[in-house]
Amino acid sequence: MSLTLEQLNSASPADAAQMLDGLYEHSPWIAEQALNERPFTSLAHLKHAMCEVLAHAGRDAQLGLIRAHPELAGKAMVSKTLTAESTNEQSKAGLTDCTPEEFAKIQKLNADYNAKFGWPFILAVRGPRGLGLSKKQIIDAFERRLFGHPDMELQECLRNIHRIAEIRLNDKFGVAPALGHQVWDWQEQLAQHSDPGFAEVGQLTVTYLTDAHRACAQRIMKNMRDCGFDEVYTDAVGNVVGRYHPATTGGKYLMTGSHYDTVRNGGKYDGRLGIFVPMACVQQLHQQAKRLPFGIEVVAFAEEEGQRYKATFLGSGALIGQFNPAWLDQQDADGITMRAAMQNAGLCIDDIPKIQRDPAQYLGFVEVHIEQGPVLNEVNIPLGVVTSINGSVRYLCEVIGTASHAGTTPMDRRRDAACAVAELALYMEQRAAQDGDSVGTIGQLQVPNGSINVVPGRCTFSLDMRAPTDAQRDALVADVMSQLNQIAERRGVRVKAELTMSADAAPSAPEWQALWERAVGALGVPLFKLPSGAGHDAMKLHEVMPQAMLFVRGENGGISHNPRESTTSDDMQLCVDAFTHVLNQLTTELS
C-alpha cells in the first residue's frame, strides 16, 4: 500500500523515518533530518528538504554518501548483495544482463573513475523518465564524466543521488508524473524528425521549412487535435496555432508557446518544452469538458534560431507585424531563397500581414522554457521564475596592427593585433563579473592569413554583451568599448567596430511574474528568481503585451544547444502543474 503525505506528516519521528527508509543508500540520516521540516505540503517540498540537508552536511558526509553506493555492474551485483532498490534500478537499465564485453568495459571504467576521483561513479540509471537508460547511454556518460573536474563531478554525483531518491520516493508514494511523461513522450516523438545529413548520424537539426521542419509541424498539429483544441492550423509563416475557445464568445485569449526549430546538432527541449506543457493543460481541460473565461492560444513558432536564414524570431516577429519582406530574397547555403522555400511549403506570402495579432484581444503572453544554464541545477530547485530577458548588444570588430617577423621584432616594438584583443577579452571577463548577472563573450576570434612565425597584423573578433536591464547593458558596453580604444591607443593599433545587433531587455510584467511566483509556491517549490541570458520569443511579444516566463531545470549541468540537453518528467510535471495554477489564478481574477 502506498504512503500518503498525511501519514508521513502525522507519524512519530521513528515511524516517519522508517517510512522513508532506503531513499538514500545506507544513509537514513538524510531523511531523518529532513523530517524536521514537517509538515510537508507536497512531495516537491520533501525532496527539496532532503537536498538542503545534504547540501549543508559538509564534504565528508557527502563523500560518505557517495561511497555508500555500489559500483554499476560491480562486485555487489555479481554477488547479489545489492539493496533491493539498487537491484531494481540496475535491472531496469539492463546492467544485470551485460555481455562479457560490456561487463569488462564497465569494470574498466569503474576502476579508472575510482582511481581518478576516489569515489564510485554515480548515475541515476533509471533515467529522466524513469524507464531505464540504455547500456550505451550509461557507458557514454561514464566515458564523458571521467574527464570532469573533481569538484564538478562531486556535485554531479550528488545530483544523481537526489534523482535516484526522487524516483524511489515516487515508488513509495505510488506517484507517477503522468502529464510529465506525456510531455516527455511528445518531445521524443518530435525528435524523430531531423534534417538530412544530421538524421543519418543521430543528430537533431530542424531548420526553417525543411522536410523535417514541415513534418514537425504536422505532428504538432495532430497532437493539438488529439488534445481537443477547437482550431488548429498553420499560418502564413509556418507557425502552428492551436486555439482552445473561452467559455463565452468574444472572450480574450492567453497566448503562450515557443519555437520548434532547433540549432544544428541541438537538444530536444529548447523551445519545444514551451509548446507541449500548455498543450498538456489544454488536454486536461478538454477531458474535463471545462472552459475558462478566457481562451488559450498555443503558438508553435516556426523559426527562432536563425539557422537557415538570417531572420531570427521570424515566427514571433510576424505576429507583431515585424516580418521584413527583404528576408524573402535571402538565400540558404544551397542557394534556395526564403521565398522559394515558403512557396514550396505551400505558404501564402501575401497573407503574412494578416497574421499580425491585435494585442487588445489578449490578456498577455507566458512562455515556459528549459533554463539553458546551470543555475537551477546547482541549487537543486526544479523551477525558476524569470525576472527579465537580458538586453544584448553584438559587434563585429577588427584590430589592425603591423604584421612583422616573429623572430626579429623585439617585444617592445610590436604592434600585435591579437594581443590587443586578448587584453580586451580579459578585461571584459572581469568587467562583466563585477555586475554579477552581466555577461560578455568573444565567441569568434581569428587572425586572417596568420602564420606561426608572423606577429599578427590583423585580428577580427565578435563581442556579445548582455545584462538584465538596458542601463546595465549600456554601462557594460560603454566600459568595454572605451577600454578597447584605450588598448588600441596604448599599443599603437587601429580599431574598427560595427554594431550588428541591439536588443532591448524584456523585464517581466510584475503582475504576470507574480502569477508564476504564486504557482511555484503553491507546489511547495522554493521561490527562485533569475534573469534569462538567452533570447526568447517572449522578447518579441513583450513589445505589444505583458509577458512573463518560467524556467525548468536542465540536467547534465543545465547544458543546452547540445544533444545532452535534458530534463526529467518529474520536473515537467511540476511545470504543467504550475501552468495549470496560473490558469486557475486568471480564472479567479476574471470570474
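As a reminder, the structure under discussion sits directly above these lines.
Treat the numbers as computed from the prediction; the structure is a model and nothing was measured.

Criteria and cut-off values
Residues numbered from 1 in each chain as written. Predicted model: local features only at pLDDT ≥ 70, side-chain atom pairs only at ≥ 80, totals over all residues. Heavy atoms only, no water. Buried < 20%, exposed > 50% of the residue type's maximum accessible area, 1.4 Å probe, protein only. Helix = DSSP H or I, 4+ residues; strand = E, 2+ residues; numbered from the N terminus. Pairing = 2+ DSSP bridges. Arc of directions from axis to C-beta. Right-handed = clockwise from strand over helix to strand, strands pointing away. Expected span 1.5 Å × (residues − 1). Phe/Tyr/Trp six-rings, centres within 6.5 Å; stacked < 30°, edge-to-face > 60°. Lys NZ or Arg CZ within 6 Å of the ring centre and 35° of its normal.

### Let's talk about the pairing of strand 6 (residues 383–389)
Consecutive side chains of a regular strand alternate in pointing toward one face of the sheet and then the other. The buried fraction of strand 6 is high, at 6 of 7 residues. Bridge count for strand 6 against strand 16 (residues 547–552) is 3 bridges, and the pairing is antiparallel. Its bridge partner being in strand 16, valine 385 is matched across the sheet by leucine 550. Where strand 6 lies against strand 14 (residues 506–507), 2 bridges are found, and the strand directions are antiparallel. Counterpart to serine 388 in the pairing with strand 14 is proline 507.

### Points about helix 7 (residues 84–92)
Taken as a whole, helix 7 has its buried residues at Ser86, Glu89 and Gln90. The arc that holds every buried residue of helix 7, seen down its axis, measures 95°, which confines them to one face.

### So, the pairing of strand 3 (residues 253–259)
Counted residue by residue, strand 3 has 7 buried out of 7 residues, so it is predominantly covered. Pairing of strand 3 with strand 4 (residues 295–301), which is carried by 7 bridges, proceeds in the parallel orientation. Directly across from tyrosine 253, in strand 4, lies its bridge partner glycine 295. Between the parallel pair strand 3 and strand 4, the chain is carried across by helix 13 (residues 273–287), and the sense of this crossover is right-handed. Bridge analysis of strand 3 against strand 5 (residues 362–370) gives 4 bridges, and the strand direction is parallel. Paired with methionine 255 across the strands is phenylalanine 365, a residue of strand 5.

### Quick notes on helix 19 (residues 510–522)
With 13 residues, helix 19 extends 18 Å between its outermost C-alpha atoms, agreeing within 8% with the 18 Å of an ideal straight helix rising 1.5 Å per residue. For helix 19, every residue scored as buried is listed here: Trp512, Gln513, Ala514, Leu515, Trp516, Ala519 and Val520. Glycine 524 occupies a position one or two residues after helix 19 and carries a positive phi of about 80°.

### Digging into the packing of aromatic side chains
The tally for this structure, following the rule as stated, stands at 10 aromatic pairs. Relative to phenylalanine 142, the ring of tyrosine 113 lies with its centre 6.1 Å away and its plane at 75°, an arrangement referred to as edge-to-face. Taken together, the residues span a long stretch of sequence, with tyrosine 113 in helix 8 (residues 100–117) and phenylalanine 142 in helix 9 (residues 135–145) at a distance of 29 residues. Judged by its relative accessible area of 0%, phenylalanine 142 is buried. Where phenylalanine 121 meets phenylalanine 142, the ring centres are 3.9 Å apart and the plane angle is 15°; that geometry is what we call stacked. Placement of phenylalanine 121 in the loop between helix 8 and helix 9 and of phenylalanine 142 in helix 9 is noted, with a sequence separation of 21 residues between them. On the accessibility criterion, phenylalanine 121 (1% relative accessible area) is buried. Among the aromatic side chains, those forming a connected cluster through ring pairs are Tyr113, Phe117, Trp119, Phe121 and Phe142. Over the ring of tyrosine 253 we find arginine 243, and its NZ or CZ is 3.8 Å from the ring centre. The aromatic ring of tyrosine 244 is capped on one face by arginine 291, whose charged end is 4.2 Å from the ring centroid.

### Some words on unusual backbone geometry
Here arginine 38 and proline 39 are connected by a cis peptide whose omega angle stands at 5°. Within the fold, proline 39 resides in the loop between helix 3 (29–34) and helix 4 (43–55). Phi angles above zero are rare outside glycine, and alanine 289 is one such case at about 55°. Of note, alanine 289 is situated in the loop between helix 13 and strand 4.

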